[in-house]
Amino acid sequence: MENKPLCLKNEIQDYAWGSYSFIQRLLDAGHTDTPWAELWMGAHPKAPSKVQIDDKWVPLDKLIEQFPEQILGQSTALRFNNSLPFLFKVLAAEHPLSIQAHPNREQARNGFDRENHEDIPLTAPNRNYKDDRHKPECICALTPFWAMEGFRPVSDTVALLSAACPVSLADAIEFLKQNPNRNGLQRFFEALMTLPEHKIQQVIDETAANAAENESKSDEFRWISTLYDLYPEDIGILSPILLNLVCLQPGEALFLNSGEMHAYLEGSGIEIMANSDNVLRGGLTTKHVDVEELMRVLNFQPHALDILSPQNALACEKVYPTPAEEFALSVIQVDEACAYLTNKINGPEILLCTNGAGEIFWNQADETMAINPGDSVLIPASLESYRISGRAEIYKAAIGNLLPA
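For clarity, every value in this text was computed on a predicted model and none was experimentally measured. (Residues numbered from 1 in each chain as written. Predicted model: local features only at pLDDT ≥ 70, side-chain atom pairs only at ≥ 80, totals over all residues. Heavy atoms only, no water.)

Would you explain the environment of Arg127 in this entry?
Its location among the elements puts Arg127 in the loop between helix H5 (105-117) and strand S8 (137-141). Those residues within four positions of Arg127 in sequence are excluded, and the remaining contacts are Phe112, Glu115, Asn116, Ile120, Pro121 and Leu122. At a separation of 2.6 Å, a polar atom in the side chain of Arg127 contacts the main-chain carbonyl oxygen of Ile120. (Helix = DSSP H or I, 4+ residues; strand = E, 2+ residues; numbered from the N terminus. Contact = heavy atoms within 4.5 Å. Polar contact = N/O pair within 3.5 Å; in protein donor to acceptor, adjacent residues only side chain to side chain.)

In structure tokens:
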């Protein structure tokens, strides 16, 4: 394998909630008959990127098996068992994704072992744990991006619940008023998720009616109405008043730690995560919902949102600070006044150009590589240095040691 940047060809996931335009425009792909939801860049066995080697396209996971230290670097290969620890994505949502949370390391190991012991097939629809890894993630908006993340402060929840369903949840609201803390919220949420079917529909109908009257006054009620149209029998329509609701502006990001309930509602962004497929769903889905396991995983500590802004690192590069060890996300913006240069590559990197046009130079090589919108490039750890010039915006995925949280 040559010691140079490597062009990637990436897989598209065409989930029903995806977009007919965003990723298509980024890749200059024209019209598609199916919605494109995610562009995957990485070595996930479900859909590994392919690398151009000697005019052939080789799956990245197979290439890493063949050249682990050259691609990953010695320390990354040792630390992450000869595997790429992150998955890099472009995400484009025209419709809401399910409410979900991800387990921490211990929960993932225990859950994976337990379901293996119970002989639940990995592909079974009721399988919660597909692997034994945790899944912290970070979403960075490329367009205005609506999301929900973490339980909002209890006083806010009580006020919104009192406007949404004061009759059908009167006792529960009073309980939450008297217990405005983590334990009270946990007991309230468990009771809500285990209501009898007839009671659930009463709550939904009352909430939907009040939301319809107030949706012009409140983003929370507007989203309840939208979710009700899609899921008229799902208690998850209450999530905009239980969780922090936010519209990220382009360049803003959220870090989602283990146990944080969240959902992406609308918009396009860059997503990076630990290379795991473990998801516990809580609603707004036709897929498996395991309330008992979800309760075991969730973090019920109420909190306000922590919106991330990138911090200066190298010239032309800004990094989003997160505590993740598997990944780091940064944005590189080059122009006539600023070229990007790095002489220290700590591990494998993936570059994705979202705007403009640039040129990559490496080591002392005479050749260069153009990078244009939609192009993605793997920088192997064995590369000593590289430089990017031109006028371009490039997002970079790297191992999680660029900037301390």
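I'm lost on the pattern of salt bridges in this one. Help?
Opposite charge on two side chains makes pairing possible when the charged atoms of those side chains draw close. Taken as a whole, this structure holds 16 salt bridges when the rule is applied. With its nearest N and O atoms 3.2 Å apart, the salt bridge here joins Glu220 to Arg152. You can see Glu220 sitting in helix H10 (residues 219-230) and its partner Arg152 sitting in the loop between strand S9 (145-151) and helix H6 (154-164), a full 68 residues away along the chain. Under the relative-accessibility criterion, Arg152 is labelled buried at 8%. The salt bridge partner of Glu349 is Lys396, with a shortest N-O separation of 3.7 Å. Taken together, the positions of Glu349 in strand S18 (residues 349-362) and Lys396 in strand S21 (residues 386-398) put the pair 47 residues apart, joining distant regions of the chain. For Lys396, a relative accessible area of 2% translates into the label buried. In the salt-bridge network here, residues are joined through shared partners; they are Arg79, Arg105, Glu325 and Glu326. (Salt bridge = Lys/Arg side-chain N within 4 Å of Asp/Glu carboxyl O. Buried < 20%, exposed > 50% of the residue type's maximum accessible area, 1.4 Å probe, protein only.)

What should I look at first to understand the packing of aromatic side chains in this one?
Working definition: an aromatic ring pair is given by the centre-to-centre distance plus the angle between the planes. Applying the stated criterion across every chain yields a total of 8 aromatic pairs. Considering the side-chain rings of Tyr15 and Trp17, the 5.7 Å spacing of their centres and the 40° angle between planes classify their relative orientation as tilted. On the basis of an interplanar angle of 75° and a centroid distance of 5.4 Å, the ring pair of Phe151 and Phe189 is categorised as edge-to-face. In this pair, Phe151 sits in strand S9 while Phe189 sits in helix H8 (residues 182-193), placing the two residues 38 residues apart along the sequence. Accessibility expressed as a relative area gives 2% for Phe151, which makes it buried. When its relative accessible area of 4% is taken as the criterion, Phe189 is described as buried. (Phe/Tyr/Trp six-rings, centres within 6.5 Å; stacked < 30°, edge-to-face > 60°.)

Explain unusual backbone geometry here, please?
A negative phi angle characterises most non-glycine residues, just as the trans form characterises most peptide bonds. The phi angle at Asp119 is positive, at roughly 60°, despite the residue not being glycine. Position of Asp119 relative to the elements: it lies in the loop between H5 and S8. The phi angle at Cys316 is positive, at roughly 75°, despite the residue not being glycine. Following the sequence through the fold, Cys316 ends up in the loop between strand S14 (311-312) and strand S15 (317-320). For Cys316, a relative accessible area of 14% translates into the label buried.

Sorry, what's going on with the packing of H6 against helix H7 (residues 170-178) here?
In a pair of packed helices, the angle between the axes and the distance between the axes together describe the arrangement. The interhelical angle for the contact between H6 and H7, taken along N-to-C directions, is 160°, at an axis separation of 10 Å. By the angle between their directions, the pair H6 and H7 is classed as roughly antiparallel. By crossing handedness, the relation of H6 to H7 is classed as left-handed. Facing Val154, Thr157, Val158, Leu161 and Ser162 of H6, the residues of H7 in contact are Ile173, Leu176 and Lys177. (Axes fitted to C-alpha atoms, helices over the stretch in contact; angles between N-to-C directions. Parallel < 35°, antiparallel > 145°, perpendicular 65-115°, else oblique. Left-handed = near helix turned anticlockwise from the far one by under 90°.)

Is there a simple way to think about the environment of Pro180 in this case?
Structurally, Pro180 is set in the loop between H7 and H8. The spacing of Pro180 and Pro153 is 27 residues in sequence and 8.5 Å in space, taken between C-alpha atoms.

Sorry if this is basic, but what is going on with the nonpolar core here?
Soluble globular proteins tend to pack their nonpolar side chains together in the buried interior. Of all hydrophobic cores here, the largest spans 46 residues; its most connected members are Leu161, Phe189 and Leu238. In this view, Phe189 contacts Phe151, Leu242, Met261, Leu294, Met295, Leu298 and Phe300; residues no more than four positions away in its chain are not counted. Ranked by size, the runner-up nonpolar core spans 42 residues in total, among them Leu6, Met41, Leu63 and Ala253. (Core = buried A, V, L, I, M, F, W, Y, C linked by side-chain atoms within 4.5 Å.)

How should the state of the cysteines be read in this particular structure?
Cysteine pairs can be covalently joined through their sulfur atoms, and such a bond is termed a disulfide. Under the counting rule described, the total for this entry stands at 1 disulfide. Here Cys316 pairs with Cys338 through a disulfide, and the sulfurs are 1.6 Å apart. With the S-S dihedral at roughly -110°, the linkage between Cys316 and Cys338 falls on the left-handed side. Here Cys338 lies in the loop between strand S16 (328-334) and strand S17 (340-342) and Cys316 lies in the loop between S14 and S15, a separation of 22 residues in the sequence. (Disulfide = S-S within 2.5 Å.)

Can you help me understand empty space enclosed by the protein in this one?
Sizing a probe to match a water molecule and rolling it over the atoms shows the empty space that remains. For the structure shown, the criterion picks out 2 cavities of 30 Å³ or more. By volume, the largest cavity is sized at about 90 Å³. Considering the residues around the largest cavity, the lining is formed by 13 residues, among which Ile99, Phe189, Gly236, Ser239 and Leu242 are closest to the centre. Counting residues per element, the lining of the largest cavity draws most heavily on H8, at 3 residues. Within the lining of the largest cavity, the residues separate by chemical class into 10 nonpolar, 3 polar and no charged. (1 Å grid on protein atoms, 1.4 Å probe; cavity = no way out; pocket = protein on both sides within 12 Å on 5 of 7 lines; lining within 4 Å. Points joined across faces, edges and corners; volume = space filled by probe spheres on them. Nonpolar A, V, L, I, M, F, W, Y, C, P; charged D, E, K, R; others polar.)

Quick question: what am I supposed to make of H6 here?
Three or four residues apart is the spacing at which side chains of an α-helix point the same way, because the helix has 3.6 residues per turn. Considered for burial, the residues of H6 that qualify are Val154, Thr157, Val158, Leu160, Leu161 and Ala164. Elements in contact with the buried residues of H6: H7, H8, helix H9 (197-214), H10 and helix H11 (239-242).

In this structure, what is going on with the pairing of strand S4 (residues 50-53)? I would like to understand it.
Walk down a regular strand and you will see the side chains alternate between the two sheet faces. Taking every second residue as pointing to the same face, the buried face of S4 carries Val51 and Ile53, while none of Lys50 and Gln52 on the other face is buried. Examined bridge by bridge, strand S1 (residues 6-9) and S4 share 2 bridges and lie antiparallel to one another. Pairing of Leu8 across the sheet is with Val51, part of S4. Relative to strand S5 (residues 56-59), S4 is paired through 4 bridges, and the arrangement is antiparallel. Across the sheet, the residue bridging to Val51 is Val58, located in S5. (Pairing = 2+ DSSP bridges.)

Got a minute to help me understand the environment of Ile388 in this structure?
With respect to the helices and strands, Ile388 occurs in strand S21. When the C-alpha atoms of Ile388 and Ile237 are compared, they prove to be 46 Å apart, with 151 residues separating the residues in sequence. Every residue in contact with Ile388, bar those within four places of it in the chain, is listed here: Ile332, Val334, Ala339, Tyr340, Leu351, Glu359, Ile360 and Ile394.

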